[in-house]
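# Examining the three-dimensional arrangement
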Amino acid sequence: MSATVPPSVPPPSVPPSMPPASPAPPTPPVPGTPGSASHNRNQPRYQHLLLLLRSPTFVVGALIVAWWIGCAMAGPWLVHLDPYASDPLNSLTPPDRTHWFGTDQLGRDVFSRVIVGARDILTIAPLATLLGTAAGTALGLVVGYFEGWVDNLVGRAIDAVLALPLVIVALLALAALGASNLTVIVVIGLTFTPITARTVRAAVFAERHLDYVAAAQLRGERAPYIMFAEILPNVLPPIVVEATVRLGYAIFAVATLSFLGFGIQPPSADWGLALSESYTLMAGGAWWTVVFTAGAIASLVVGVNLVADGVQGVLDP
């Protein structure tokens, strides 16, 4: 009897494996939120601002400067007497309830003149600083980028100019061109240009041979684009520090030129001009005609220098 062979059972069919699901595309970050390009770019600015606000030096200096800026903007509304009105019967009156800082030799209220006098110096000094910073930055970028004979030629010219006393140069220029607010702005700005250019030149030298500059050159970018679009944003911290320092020097320079008769002209209540008109009265005992005005100049310069120290501590530690 023959054995019966059982029918072969086909193996169970295995369903084809499903292909792995492709990962979902990443969701682009919303501008302004953490992870976005704008957030990452603005984050250092916020950090610098927080550090400045935590700096007692910067805060004290900023409050002093803000006070004088407020006086310059709203001076006529802050005083109770006309700063230009003469009263010969009350000339050289000591400080009292009516004249808080006394009166000068023409009977004009010293307090009103100190408050209103902030306007001229806080108009001319920042404009001169802006002019010197802009011109010096452009010159420093050119000298630092091209190097070679350009650096040798312009660098020697800058050194020659800096070897001269800047006050003497300013006096000679004002004597030749005539004293006016515009002339003072241009002369002070141009005297600050070589100083700023030397600072920017040193900063550009440190950036000139980095990879991002070489990459821009390989892309075929032109020199002006590389200087102002690539290098300039990376050397802004020393430029800001230099500008704040120059502002303090500009305030002192404007007051000095006005004191010597080459700056702001009468009948302005400018502080330097007021000192020029009243400093001889100290010998006669009228100390108030000089002390309060000189204190205003000193406080503004100290305030600007405190701001400069705070900015330097944050941007250029």
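Refer to the structure presented above.
Throughout what follows, the structure given in this document is the object of discussion. (Residues numbered from 1 in each chain as written. Predicted model: local features only at pLDDT ≥ 70, side-chain atom pairs only at ≥ 80, totals over all residues. Heavy atoms only, no water.)

## Quick notes on the packing of aromatic side chains
In the structure shown here, the tally under the stated rule is nine aromatic pairs. Look at Phe101 and Phe111: their rings are 5.1 Å apart centre to centre, the planes differ by 85 degrees, and that puts the pair in the edge-to-face class. Of this pair, Phe101 sits in the loop between helix 2 (56-78) and helix 3 (110-116) while Phe111 sits in helix 3, and the two are ten residues apart along the sequence. On the accessibility criterion, Phe101 (21% relative accessible area) is partly exposed. On the numbers, 5.4 Å between centres and 55 degrees between planes, the contact of Phe259 with Tyr279 is tilted. Residue Phe259 is found in helix 10 (residues 236-259), and its partner Tyr279 is found in the loop between helix 11 (271-278) and helix 12 (288-315); the two are separated by 20 residues along the sequence. Look at Phe259 and you get partly exposed, because its relative accessible area is 33%. (Phe/Tyr/Trp six-rings, centres within 6.5 Å; stacked < 30°, edge-to-face > 60°. Helix = DSSP H or I, 4+ residues; strand = E, 2+ residues; numbered from the N terminus. Buried < 20%, exposed > 50% of the residue type's maximum accessible area, 1.4 Å probe, protein only.)

## Regarding helix 11
Counting buried residues along helix 11, six of its eight residues qualify, which places the element largely inside the surrounding structure. Within helix 11 the residues assigned to the buried category are Trp271, Gly272, Leu273, Ala274, Leu275 and Ser278. Taken together, the buried residues of helix 11 touch helix 2, helix 3, helix 4 (118-146), helix 10 and helix 12. Between the side-chain oxygen at the start of helix 11 and the backbone nitrogen of Gly272 there is a gap of 3.1 Å, and the oxygen is on Asp270. (Contact = heavy atoms within 4.5 Å. Polar contact = N/O pair within 3.5 Å; in protein donor to acceptor, adjacent residues only side chain to side chain.)

## Comments concerning the environment of Ala296
On the secondary structure map, Ala296 appears in helix 12. Counting along the chain gives 228 residues from Ala296 to Trp68, while the straight-line C-alpha distance between them is 8.8 Å. Ignoring anything within four residues of it in the chain, the contact list for Ala296 reads Trp68, Val114 and Trp271.

## Some words on the environment of Ala216
Counting through the fold element by element, Ala216 comes out in helix 8 (residues 211-218). In the structure, Ala216 is positioned 14 residues away from Glu230 in sequence and 8.0 Å away in space, judged by C-alpha atoms. When sequence neighbours within four positions are dropped, the list of residues in contact with Ala216 reads Glu221, Ile226 and Glu230.

Honestly, it's all geometry; don't read function into it.
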